[in-house]
Amino acid sequence: MTKPHLSILVIVIVILIWSSGLMVECGIGVNWGTLSPHRLSPSVVVDLLKHNHIKKVKLFDADPLVLRGLMGSGLEVMVGIQNEMLMALGSSPLVADNWVHLNVSKYLVKGGVDIRYFILLYFRAISLFLNIDLQPQEQSGGIETDHNISFLRYIAVGNEPFLTSYAGQYQSYVVPALLNLQQSLARANLASYIKLVVPCNADAYESSLPSQGAFRPELTEIMTQLVSFLNSNGSPFVVNIYPFLSLYGNSDFPQDYAFFEGTSHSVTDGQNVYSNAFDGNLDTLVAALSRMGYNKCQLSLERSKSTLPGNFERHWGIFSFDGQAKYPLNMGNGLLKNAKNVEYLPSRWCIADPSRDLSGVANHVRLACSSADCTTLYYGGSCNGIGTKGNISYAFNSYYQLQKQNSKSCDFDGLGLVTFLDPSIGDCRFLVGITSSSAGTHIN
């Protein structure tokens, strides 16, 4: 199974923290990922979202094909900037000016993309956007803002740039990038209502108990600058919370504490008793912000039921690569609906020839899986238990579909065989690729 285009969130909550209190807005939104060898066309994805009454989308980069597809859709969009761009954006005001021009200004036209900020509670992962002060500013000129014109409200500068696994690779570039982009927005007359945010990972702060929460020592200065910038510009503090990842980082971590169905391993912190890792993590963040002087934040949010995670982030979400619903999930408007007008390649598959000796097939499988996605064969995947021959066939077929069923791509030195009988086994689905008209043009 290839990485799904859309990562669904079960509940979307916008927490607006004002100096005088709290305002909460709710909605449904998704992540739209594009790292897939089988990409649905933007028009099909937009129709899928609208058909399921999903009105909010987060993009991890400013893919022009996707942004053009969103023009006139009426969907609210949040655009991201990749970590690899932070150094260039922080080093050069000209680079920041060019990025704003190419990825913001050109879409601010009648019927364009409505790119706004929203908060995500991810399916299988939970992302919480805490708004320190989110009062929209009155515009001072430049861009017309009636309901027919698109406008970019929030830009995500980097994605979890403070992860410990990055070993500080990006953290020194974050604030300079913010400052240059803010100046670029000002020069484009957009700074009055377009806000910059920095999605952080929950490992940016730590403690043994929630009430003792604090940002990591090496991040104290940067976080002080970041939170000051966000607060001064009316931008939210953004954090992604993934409770179940603790299961992988600590073999002794109680599984029931990672989810929301009750636990026998509750954590007591003063008068507070925590029955799940999300609540404890959230209050840890609140304590960390309070230590920096933001101690008047009052938070209120709903919690959603999660499901056991798969092995890889590429398999998160409730839509598969071809826009088919993975789960019978009801988000308030009936069960999820599948994508329409998806054009598949012919119903044929590439499998290992059962009449051939497969003892020398290892290099062919390695070659196939170096290009195609074979991760469902790994432990915990839906195709993990289909046996050796099944594994070989799955690898062969994944490569064959990636190559648009080119006959030569099923050769494997004579070990492959094209079949018209679906070789899927139980829950292990042998995919059929989608056509170029469904997939559109790839933007790398």
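Residues numbered from 1 in each chain as written. Predicted model: local features only at pLDDT ≥ 70, side-chain atom pairs only at ≥ 80, totals over all residues. Heavy atoms only, no water.

Labelled according to an unreviewed UniProt entry, the chain appears under the name X8 domain-containing protein, originating from Kingdonia uniflora. According to UniProt, the comment filed for the chain under the heading Sequence similarities (unreviewed entry) is "Belongs to the glycosyl hydrolase 17 family." (UniProt positions renumbered as here; feature names shortened; annotations may be inferred.)

A complete count under the given rule lists three disulfides for this structure. Residue pairing for Cys350: its cysteine sulfur links by disulfide to Cys410, the two sulfurs lying 2.0 Å apart. Sign of the S-S torsion, about 90° for the bond between Cys350 and Cys410, identifies this disulfide as right-handed. With Cys350 in strand S16 (residues 349-352) and Cys410 in the loop between helix H10 (387-402) and strand S17 (416-419), the pair connects residues that are 60 residues apart, well separated along the chain. Residue Cys383 pairs covalently with Cys428 via a disulfide, S to S 2.0 Å. An S-S torsion of about 100° defines the bridge between Cys383 and Cys428 as right-handed. One end of the pair, Cys383, is in the loop between helix H9 (362-371) and H10; the other, Cys428, is in the loop between S17 and helix H11 (436-439), with 45 residues separating them in the sequence. The exposure class assigned to Cys383 is buried, which follows from its relative accessible area of 1%. Regarding the disulfides, the chain carries the connectivity 1-5, 2-3, 4-6 under sequence-order numbering of its bonded cysteines. (Disulfide = S-S within 2.5 Å. Helix = DSSP H or I, 4+ residues; strand = E, 2+ residues; numbered from the N terminus. Buried < 20%, exposed > 50% of the residue type's maximum accessible area, 1.4 Å probe, protein only.)

Another aspect to go through is H10. Look at H10: 22 Å from first C-alpha to last across 16 residues, which is about the 22 Å you get at 1.5 Å a residue. For H10, the complete set of buried residues consists of Gly390, Ile392, Ser393, Tyr394, Ala395, Phe396, Asn397, Ser398, Tyr399, Tyr400 and Gln401. Those residues of H10 that are buried are in contact with S16, H9 and S17. At the exit of H10 stands Lys404, carrying a positive phi of roughly 60°. (Expected span 1.5 Å × (residues − 1). Contact = heavy atoms within 4.5 Å.)

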